[in-house]
Amino acid sequence: MNRQLKLLEYALAGLTRRKGKNVALLLVYAFTIAALGSVLFLTDALRSEARQTLDHAPEMVVQRISAGRHELIPRSYATTIAQLPGVRQATPRVWGYYYDALVRANFTLMGVTEPETQIKDLQGQLPAADNECAVGIGIADIFGATIGDSLVLVDAHGKNRVFAISGIFSAHSALLTHDLILMPEPALRAFFNLDPTVATDIAVSIANPREITTLAKKVRYHLPDTRPISRSEILHTYDSIFNWRSGMMFAVSVAALIAFCILAWDKATGISADEKREIGILKAVGWNTGDVMAIKFWEGLILSLSAFLIGTIAAWLHVFVLGAPALTPILKGWSVLFPPFSLQPVTDPYQILVLAFLTIAPYLACTLIPAWKTAVTAPEQAMRS
Amino acid sequence: MILHPGILALLGGSLLSVLLLIKASGLGLTILLRWDGTSSSEQQLALEHKTWLISSLLNAGLGFQIVSGVLFLATVEAIHPLFVGAMCATGTLNANLVGWLVLLVKGLLFFAAALWVIFNRLDQRSEDAPLLRPKYLALLLITPLAFLDLTLQYSFFSGLHPDIITSCCGSLFSEQGQSVLSELAALPPVTAMALFFPVIAIYYVLTLCCLRSQNALLRYLLFITVIVAFFIALAAIISFISLYLYQMPSHHCPFDLLQAHYNYIGYPLYAGLFGGTLFGLLPGLAAPLQHHPSLSAHIDQLDRHWLWISLIGMTVFLAIALWPMLFAPFTLLRSG
């Protein structure tokens, strides 16, 4: 133990003696790790964000499909679904998109049926009268509006409608409410000119999660023109997409990793005359091959661990402090996500383990043979060269 | 095939370590054929130099194999949400049954690789390397095993299709099933305890005796006891230790322990068991080597270390297993 500590000390001293070469290698190594680490951290953060968001989503959403496209669903379907054993509640929802030409942005308009429902993160009140609405922080910002101000929207008949803002959602729930406008359901129907017998979709609440698949089958059986989508299906899809995308990014980054390994190999093979002489002297004073290899091993490990630490911290800062500007367009999706949300800093020990495996193992592996070649050189030959 | 970073790390790392092992085996074969300890020719010197390269390649390759078992378990655990019906690692392993085989091979590789590395270090301490031939012969067996591990892993991960509906641990480790694992779960806790506690007690007595005496027979007995204790402990984890750790009378899964929900308690539990078993095997394996004069002093010195490490590992395992039995409110057996 004591011997290994002494060797470690010697290795550290050796590394500081050859500062220029090692710092260059360390920086390139740390950069490679930071690039790979950013992909891992960002995907993981997006995945957990998606999971948290969907935590509050209904267990199942039923849409109507007509000619292969999403169609408005009759409200009577909700009654049929609610009668299936196992269904706690089936609520028809009315919502839609609205393009505002003035600010060139899409808003989501949604109807509220029960004004007394308590919603967290809402400053002010939910709309009670037909000419009131509650808006997300993004909309309040874009119009520079506060509670009590008016919002003018153009309805399906091309007429201007004035709504008084009764409440604003706080930035906490930005991912869900950034572009949202809530208004009473009758007002929304009038706005979109919707028939009172139809809804956009039906949110189904199911008490026992094990019954979701069976209930989905039953819904399809009784109402063949519908498409039930379960929450877990959405989660699986998110998981698969994020895994696939991060895997793709990873596969691309492997090229960088290989390039780095070639650099490391090259650096380890091309040792300087000084270093050769040093090893020659060490062997001449009685060090054996094993000792020299142990030094080389410690040097590699110190370099790897330092680069890993720097790279991981850099990746963490890149993703969670700067918001991953280099990666978000690729990983988030091809349609630009509208709400600018800050990622929750989640660090899973598993991700760190994977990153360590992917970066430290190849480096150590590709410096083994050069280290051995250096270590077995005969002392007189090493000193003479 | 799922392009998951953990899977890429496992497959890439396994490929790398198999390449290192193949290179080392090639060199090892040359040494086996041409080695002549009494010669001082240039060729023999070159071969002696190569032994250093081999051990360095193998320390890296086998080191990876040892850690890859942990990464495999963690990955299988991490990808379970992709499979409908899977609630832990069991679900992923059931999605493609080759997974169980991978787990078995990884277990074998863990012990084989760790023993090789330890005996190689022992051999390198001596001047005349008496274990050279057996150790390189063993290497020729480990390399195919590592290759088998790589191919099995590839067929496991490439055969995983996220649309497969797998059964969760609830049905595999339930008491009504037909599989071997169900048989273990059905092993009544009282029977399992009646096997587990005596064998652990024997282990402790033997280890303490070995610490006081140099007798080789005691070490052979310890070797056998450790192997028996290892399998009984695995059965005990499924049969009753898991019940106490989950605080549930019907939850037998040995993999849920690895989840963050249970504070990753499975990792120290299995690390203690595997480490304790590995180091418990060593004194028995090293005892026949005592007749090599160049090794016996080293073995005497290491023997105590091994026994202590084994004792610490087993105690960690036992402490984690016993803690909820003694201090948690959950009661499985009531006297009277």
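Here the residue index of a chain counts from 1 through its sequence in written order. In the order they appear in the text, chains get letters beginning with A and ligands get numbers beginning with 1. In keeping with the predicted nature of the model, local features appear solely for residues at pLDDT of at least 70, side-chain atom pairs appear and are counted solely at 80 or more, and the whole-chain, interface and lining totals rest on all residues.

Here we take up the overall build of chain B. What counts as a helix is a DSSP run of H or I of at least four residues, what counts as a strand is a run of E of at least two, and both are numbered from the N terminus. The helix and strand inventory of chain B stands at eleven helices and zero strands. Start at the N end of chain B and walk to the C end: the helices and strands fall as α-α-α-α-α-α-α-α-α-α-α. Only the C-alpha atoms count toward the radius of gyration. The rule for a globule is 2.2 Å times the residue count to the power 0.38. A compact globule built from 336 residues would reach a C-alpha radius of gyration of about 20 Å, and chain B, at 22 Å, matches this within 12%. When the backbone C-alpha atoms are referred to their principal axes, chain B occupies close to 70 × 50 × 30 Å. Around each residue's C-beta, the other C-beta atoms within 10 Å are counted; 20 or more make the residue buried, 12 or fewer make it exposed, and counts in between make it partly exposed. All C-beta atoms are placed from the backbone. For chain B, the proportion of its 336 residues judged to be buried stands at 42%. Two residues qualify as a contact pair if the distance between their C-beta atoms, derived from the backbone, is within 7 Å. Of all intrachain contacts in chain B linking residues separated by at least 6 positions in sequence, the fraction that spans at least 24 positions is 73%.

A tally of helices and strands in chain A yields 13 helices and 14 strands. Relative to the globule expectation of 21 Å for 385 residues, the C-alpha radius of gyration of chain A, 31 Å, shows a markedly less compact shape. Based on the C-alpha atoms only, the size of chain A along its principal axes is roughly 95 × 50 × 40 Å. The buried share of chain A, reckoned over its 385 residues, is 34%.

Before going further, it helps to examine the interface of chain B and chain A. By convention, interface size is frequently given as the accessible area that disappears when the constituent parts associate. Taken together, the contact between chain B and chain A spans 26 residues of the former and 28 residues of the latter. Of all the secondary-structure elements, those providing two or more residues to the side of chain B that touches chain A are α1 (5–34) and α2 (42–78) of chain B. Broken down by element, the residue count for the side of chain B that touches chain A peaks at ten residues, all from α2(B). We call Asp, Glu, Lys and Arg charged. Ala, Val, Leu, Ile, Met, Phe, Trp, Tyr, Cys and Pro are nonpolar, and the rest, Gly among them, are polar. Residue classes in the side of chain B that touches chain A are distributed as 19 nonpolar, seven polar and no charged.

Here we take up the nonpolar core. Think of a nonpolar core as buried Ala, Val, Leu, Ile, Met, Phe, Trp, Tyr and Cys residues, each tied to the set through C-beta atoms within 7 Å. With 130 residues, the main nonpolar core has Ile33(A), Leu36(A), Leu42(A) and Leu57(B) as its most contacted residues. Ignoring anything within four residues of it in the chain, the contact list for Leu36(A) reads Phe250(A), Ser253(A), Leu355(A), Leu358(A) and Thr359(A). Formed by 38 residues, the second largest nonpolar core is a distinct cluster that contains Val112(A), Leu126(A), Ala134(A) and Leu182(A).

Residue and element names in this part refer to chain B. Residue ranges for the domains trace back to a domain assignment, done automatically or taken from a database. On domain assignment, one finds that chain B holds domain 1 (1–167) and domain 2 (174–336). The gap between the C-alpha centroids of domain 1 and domain 2 is 24 Å. Counting residues at the interface gives 15 residues for domain 1, matched by 13 residues for domain 2. For the side of domain 1 that touches domain 2, the elements supplying multiple residues, two or more each, are α2, α3 (89–95) and α4 (98–125). The biggest single contributor to the side of domain 1 that touches domain 2 is α4, with six residues.

Okay, the packing of helix α1 (residues 2–17) of chain A against helix α10 (residues 289–321) of chain A next. Residue and element names in this part refer to chain A. Every angle, taken between N-to-C directions, lies between 0 and 180 degrees, and every axis is a line fitted to C-alpha atoms, over only the stretch in contact when it is a helix. At a minimum axis separation of 9 Å, α1 and α10 run at an interaxial angle of 65°. Viewed along their axes, α1 and α10 form a crossing whose handedness is right-handed. Here Leu-7, Leu-8, Tyr-10, Ala-11, Leu-12, Gly-14 and Leu-15 of α1 come into contact with α10, specifically with Asp-291, Ala-294, Ile-295, Trp-298, Glu-299 and Ile-302. Note on convention: near helix rotated counterclockwise from far helix by under a right angle means a left-handed crossing. Clockwise means right-handed.

On to the pairing of strand β6 (residues 105–112) of chain A, then. Residue and element names in this part refer to chain A. Two strands pair when backbone bridges link them, and strand β5 (residues 95–100) and β6 are joined in this way by six bridges, in the antiparallel orientation. Note on β6: the bridge partner recorded for Tyr-99 is Asn-106. Connecting β5 to the next strand, β6, in antiparallel fashion are four residues, including Arg-104 with a positive phi near 50°. Two strands qualify as a pair provided that DSSP identifies no fewer than 2 bridges between them. In this structure, β6 lies alongside strand β11 (residues 180–184), joined through five bridges in parallel fashion. In the sheet register, Met-110 faces β11, and the bridge partner there is Leu-182.

It is worth spelling out helix α11 (residues 293–327) of chain B at this point. All names here are of chain B. Its 35 residues place the ends of α11 51 Å apart at the C-alpha level, agreeing with the 51 Å of an ideal helix rising 1.5 Å per residue. Approximately 30° is the largest bend angle found in α11, and it occurs at Ile-299. Taken residue by residue, α11 has Leu-295, Trp-306, Leu-307, Ser-310, Gly-313, Met-314, Phe-317, Leu-318, Ile-320 and Ala-321 as its buried positions. Considering only its buried residues, α11 is in contact with α4, α8 (189–212), α9 (216–246) and α10 (266–286). Expected span of a helix: the number of residues minus one, times 1.5 Å. The bend at a residue is defined as the angle formed between two axes, one fitted to the seven residues ending at that residue and one fitted to the seven starting there.

Our next topic: the environment of Leu322(A). Within the secondary structure, Leu322(A) is located in the loop between α10 and α11 (328–332). Taking the C-alpha atoms as reference, Leu322(A) lies 34 Å from Arg18(A); in sequence the two are 304 residues apart.

As a further point, take the confidence of the model for chain B. Residues and elements named next belong to chain B. Per-residue confidence for chain B gives a mean pLDDT of 85, with 90% of residues at or over 70. Averaged pLDDT values for the elements of chain B fall to 51 in helix α6 (residues 169–172) and rise to 93 in α10. Interface scoring of the predicted complex returns ipTM 0.79; its pTM is 0.79. pLDDT gives the predictor's per-residue confidence on a scale running from 0 to 100.

Turning to unusual backbone geometry, a few remarks are in order. Trans peptide bonds make up most of the peptide bonds, and negative phi angles are found at most residues other than glycine. Here the phi dihedral of Ala67(A) falls at roughly 50°; this positive angle occurs in a residue that is not glycine. On the secondary structure map, Ala67(A) appears in the loop between β1 (60–66) and β2 (69–71). The phi angle at Tyr264(B) is positive, at roughly 55°, despite the residue not being glycine. Take Tyr264(B): it is sitting in the loop between α9 and α10.

Moving on, we get to the confidence of the model for chain A. On average, residues of chain A score 83 in pLDDT, and 93% of them are at 70 or above. Low pLDDT (under 50) marks residues 334–338 of chain A, which in the prediction has three contacts with non-local residues, meaning those over four places away or in another chain.

With that settled, consider the packing of helix α12 (residues 349–375) of chain A against α2(B). Two elements in contact, α12(A) and α2(B), have axes whose closest approach is 11 Å; the angle formed by their N-to-C orientations is 170°. Judged on the interaxial angle alone, α2(B) and α12(A) are roughly antiparallel. Residue-level contacts link Tyr350(A), Leu353(A), Phe357(A), Ala361(A), Leu364(A), Ala365(A), Leu368(A), Trp372(A) and Ala375(A) of α12(A) to Trp52(B), Leu53(B), Ser56(B), Leu57(B), Ala60(B), Phe64(B), Leu71(B), Ala74(B) and Ala78(B) of α2(B). Across the contact of α12(A) with α2(B), the residue classes break down as 17 nonpolar, one polar and no charged. If an angle is under 35 degrees, it is roughly parallel; if it is over 145, roughly antiparallel; if it lies from 65 to 115, roughly perpendicular; otherwise it is oblique.

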